[in-house]
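Structure assessment
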Amino acid sequence: MVVVLQFVKRVAAIVLRFVFLIIVFVGLTYLDSSVTSVFDYLIYILFGALLLIGTYFNKQKAVLLIGLFLLMSAPLDIFGKGYFDDVIITNGIAVLLAISTLLLGLFQEPMRLSTLATLILLTLLQTLAMFAAAYYVGSGAVVVTMDHRTPLGLPAFSLGTLSPEAVFILLVSFAGNTLKELLVPHGFASLTVSLLMSLGIFHGLPRGMEVPPESLFLVWGLLTAVYVFREIYQVSYIDPLTELPSRRALLEEASKLTGGYVVAMADIDHFKKFNDKYGHDVGDDVLAFVASILRQNVRGSVFRYGGEEFTMLFRKGSLDEVIKHLDEVREKVANTKFRIRRRAAKNPSSAGEVTVTVSMGVAEYGNKYDSFSEVLKAADKALYRAKRKGRNRVSK
């Protein structure tokens, strides 16, 4: 049921993004030419800033995409659109973006230097080939007759000025990236879906609603900026293993606290024995397993404090109410069997189902503890009391 709800939420998020982008492009059609004329400057300022930020934080995919945007927009600005065949440029940009996003989605960051160099070379060669063809056809040096009724036997999709072949490639790439975002949510898949959606909307607008190409590049830059800053936030504040906010996020949240609150510390029982007996890969799986249960069942905010410890912050509810609630969560962890994967186990014969338990300590802000650090220390002491009493329990 939880998986179905998550899938529905992801679909809804994509639909809302599509509606938002339509509103953006429709709004751009009402802008005066004097306003859109400054977009050229904004594009290069934005792309330049993103290149520096992306390079500094080693966001290789974002840097490659920004490089592609610059390669596609710079020649048009430097030489002027009159030098190039409009049909080849229009279709070429659609195909380049579709292929590049699908290709980049196949790799995980950080990429090897050889892989990165190959992708850069491929991007350069594809872009140069597109502009060379567009230049020679545009100058009349080469005459090309394009008939889309017979080649390749592809479905005759229509999307503005794009050829059926370009639309087919665009749709295949969009479907691939959307499937990846739905099944294995990842920031880059989300970005590529948004980029391809914006390209489709740009070409799908009615003839009377003209949007300057500079607006499309600016929208791409802004979408990439959102992705880059989201990735920076993930690196800074989200624990990659458990996908929970990290200790830094907890401390920042604590600085904003006002009024009463309750803090709880949780620790996985006998975690070292799991690591020693089954291996560190299984230990990582146990951490992710417990984090998932806490995230889905705890009414407050859950953070990974460090190691096998988690912190929970409750802004509502009394100490007794929180203890009762956490006791239910503790039982949920104990009653949910953890499956040791054969591939992850140090010894494949040890694969199977085991019970994982957690101990918890709880403390409340008030007369006795008047700062977050004091409440946290009190919760940690309560946690160790729970350990001494036999584990798999909640103590205050």
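Values in this document were obtained by computation on a predicted structure and should not be read as measured data. Sequence order as written defines the numbering, with residues in each chain counted from 1. Where totals are concerned, whole chains, interfaces and linings use all residues; where local detail is concerned, this predicted model gives features only for residues with pLDDT of at least 70, and gives and counts side-chain atom pairs only at 80 or more. For side-chain calculations, the full set of non-hydrogen atoms in the structure is used, while hydrogens and water are omitted.

**Regarding unusual backbone geometry**
Most peptide bonds adopt trans geometry, and most residues besides glycine take a negative phi value. Put simply, the rule is: Counting from the N terminus, the helices are DSSP H or I runs at least four residues long and the strands are E runs at least two residues long. Residue burial is assigned from relative accessible area. The probe radius is 1.4 Å, only protein chains are included, and a residue is buried under 20% of its type maximum, exposed over 50%, and partly exposed in between.
That bond from Glu-109 to Pro-110 is cis: its omega, -5 degrees, falls within 30 degrees of zero. Looking at the element boundaries, Pro-110 is found in the loop between helix H5 (86-104) and helix H6 (113-138). The phi torsion at Asn-58 lies on the positive side, around 60 degrees, for a residue other than glycine. With phi around 70 degrees, Arg-391 is a residue other than glycine that occupies positive phi space. Assessed through its relative accessible area of 31%, Arg-391 is described here as partly exposed.

**Focus: the pairing of strand S6 (residues 358-364)**
Test applied: Paired strands, in this sense, are two strands between which DSSP finds at least two bridges. When the strands point away from the viewer, a crossover counts as right-handed if the route from the first strand across the helix to the second turns clockwise.
For S6, the buried fraction is high: six of the seven residues fall into the buried class. Where strand S1 (residues 262-268) meets S6, seven bridges bridge the pair, whose relative direction is antiparallel. Within S6, the position partnered with Ile-268 by the bridge is Val-358. Alignment of S6 against strand S7 (residues 394-395), held across two bridges, turns out to be parallel. Within S7, the position partnered with Met-360 by the bridge is Val-394. A crossover connection joins S6 to the parallel S7 through helix H14 (residues 372-388); in handedness this β-α-β unit is left-handed.

**Looking at the layout of surface pockets**
Heads up, the condition is: Both cavities and pockets are sets of points on a 1 Å grid over the protein atoms alone; in a cavity a 1.4 Å probe fits but cannot get out, in a pocket the set is open with protein on both sides within 12 Å along at least five of seven lines, and lining residues sit with an atom within 4 Å of a point. Grid points are joined across faces, edges and corners, and a volume is the space filled by probe spheres set on the points. The classification used treats Ala, Val, Leu, Ile, Met, Phe, Trp, Tyr, Cys and Pro as nonpolar, Asp, Glu, Lys and Arg as charged, and all other residues, Gly among them, as polar.
Space inside the second largest pocket adds up to approximately 740 Å³. At the level of secondary structure, the elements contributing two or more residues to the lining of the second largest pocket comprise H5, helix H8 (187-204) and helix H9 (213-237). Among the elements that line the lining of the second largest pocket, the one with the most residues is H5, at four residues. Tallied by class, the residues present in the lining of the second largest pocket amount to 13 nonpolar, four polar and five charged.

**Examining the sheet that holds S6**
Under the convention used in this document: Whether two residues touch is decided by their heavy atoms; if any such pair falls within 4.5 Å, the residues are in contact. Think of each axis as a best-fit line through the C-alpha atoms, taken over the contacting stretch in the case of a helix, with angles from 0 to 180 degrees between the N-to-C directions.
Spatially, five strands are ordered S2-S3-S1-S6-S7 in an open sheet, and the strand pairing comes out mixed. Each of the sheet's edge strands pairs with one partner strand only, and the pair in question is strand S2 (301-306) and S7. In the packing of H14 onto the sheet, the strands contacted are S1, S2, strand S3 (309-314), S6 and S7, and the crossing angle to S6 comes to about 145 degrees.

**Regarding the packing of aromatic side chains**
Applied cut-off: A pair of Phe, Tyr and Trp rings is counted when the ring centres sit within 6.5 Å of each other, with Trp represented by its six-membered ring. The angle between the planes then sorts it: under 30 degrees is stacked, over 60 is edge-to-face, the rest tilted.
Counting across every chain of the model gives 15 aromatic pairs. Where Phe-79 meets Phe-84, the ring centres are 6.4 Å apart and the plane angle is 75 degrees; that geometry is what we call edge-to-face. The interplanar angle of 75 degrees and the centroid separation of 5.5 Å between the aromatic rings of Tyr-135 and Tyr-136 together place this pair among those described as edge-to-face. The class for Tyr-136 is partly exposed, based on a relative accessible area of 45%. Every member of this aromatic cluster is reached through a ring pair, and the members are Phe-79, Tyr-83, Phe-84, Phe-131, Tyr-135 and Tyr-136.

**What about the packing of helix H4 (residues 60-79) against H8?**
Axis angle and axis distance: for two packed helices, these are the angle between their axes and the distance between the axes, and together they describe the pair. Keep this limit in mind: For classification purposes, an angle smaller than 35 degrees is called roughly parallel, one larger than 145 roughly antiparallel, one from 65 to 115 roughly perpendicular, and anything else oblique. The handedness criterion is simple: a crossing whose near helix is rotated anticlockwise from the far helix by less than a right angle is left-handed, and one whose near helix is rotated clockwise is right-handed.
Taken N-terminus to C-terminus, the directions of H4 and H8 make an angle of 20 degrees; their axes are 11 Å apart at the nearest point. Taken together, the axis directions place H4 and H8 in an arrangement best described as roughly parallel. For H4 against H8, the interelement crossing comes out right-handed. Residues Lys-61, Leu-65 and Phe-69 of H4 touch H8, and the partners they reach there are Phe-188, Leu-191 and Leu-195. A per-class count over the contact of H4 with H8 returns five nonpolar, no polar and one charged.

**Observations concerning the confidence of the model for the protein chain**
Definition in use: For every residue, the predictor assigns a confidence score, pLDDT, that lies between 0 and 100.
This prediction gives the protein chain a mean pLDDT of 86; 92% of its residues lie at or above 70. Mean pLDDT in the protein chain bottoms out at helix H2 (residues 33-36), which sits at 73, and peaks at S3, which reaches 94.

**Focus on H6**
As a reminder, the rule being used: Given the number of residues in a helix, its expected span is that number minus one, multiplied by 1.5 Å.
Over its 26 residues, H6 runs 37 Å from end to end, which matches the ideal 38 Å to within 8%, given 1.5 Å per residue. Every buried residue of H6 is accounted for by Thr-115, Leu-116, Leu-119, Thr-123, Thr-127, Met-130, Phe-131, Ala-134 and Val-137. Its buried side turned inward, H6 meets H4 and H5. Downstream of H6 by one or two residues, Gly-140 has phi in the positive range, about 85 degrees.

**Considering helix H7 (residues 164-183)**
With 20 residues, H7 should reach 28 Å at 1.5 Å per residue; the first-to-last C-alpha distance of 28 Å fits that figure. If you check which residues of H7 are buried, you get Pro-164, Glu-165, Ala-166, Val-167, Leu-170, Ser-173, Asn-177, Thr-178, Glu-181 and Leu-182.

**Looking at the packing of H5 against H6**
Between H5 and H6, the shortest axis-to-axis distance is 10 Å and the interhelical angle comes to 170 degrees. Taken together, H5 and H6 sit at an angle that is classed as roughly antiparallel. In contact with Ile-88, Ile-89, Gly-92, Ile-93, Leu-96, Ile-99, Leu-103 and Leu-104 of H5, H6 contributes Leu-119, Leu-122, Gln-126, Thr-127, Met-130, Phe-131, Ala-133, Ala-134 and Val-137.

**Focus on a nonpolar patch on the surface**
Stated precisely, the cut-off is as follows: Like-charged residues within 9 Å of one another, or nonpolar side chains (Val, Leu, Ile, Met, Phe, Trp, Tyr) within 5 Å, are grouped into patches, provided each residue has over 30% relative accessible area and no salt bridge. Note that accessible areas follow from Shrake-Rupley with a 1.4 Å probe, and for residues the cover is restricted to the protein chains shown. Here a salt bridge means any side-chain nitrogen of Lys or Arg lying within 4 Å of a carboxyl oxygen belonging to Asp or Glu.
Judged by side-chain polarity, Phe-7, Val-11, Val-15, Phe-18, Val-19, Ile-22, Ile-23, Leu-179, Leu-183 and Val-184 come together as a nonpolar surface patch covering roughly 840 Å² of accessible area. Tracing the chain through its elements places Leu-179 in helix H7.

**Quick look at the pattern of salt bridges**
Evaluated as defined, the whole model comprises nine salt bridges. In this structure, Lys-387 engages Asp-269 in a salt bridge whose closest nitrogen and oxygen atoms are separated by 3.0 Å. In this pair, Lys-387 sits in helix H14 while Asp-269 sits in the loop between S1 and helix H11 (271-278), placing the two residues 118 residues apart along the sequence. Among the residues examined, Lys-387 registers a relative accessible area of 14% and is labelled buried. Using a relative accessible area of 2% as the deciding quantity, one classes Asp-269 as buried. For Lys-396, the salt bridge goes to Asp-320, with nearest N and O atoms at 3.7 Å. Here the residue Lys-396 occupies a position in the segment after S7, and Asp-320 occupies one in helix H13 (residues 319-335), the gap between them amounting to 76 residues.

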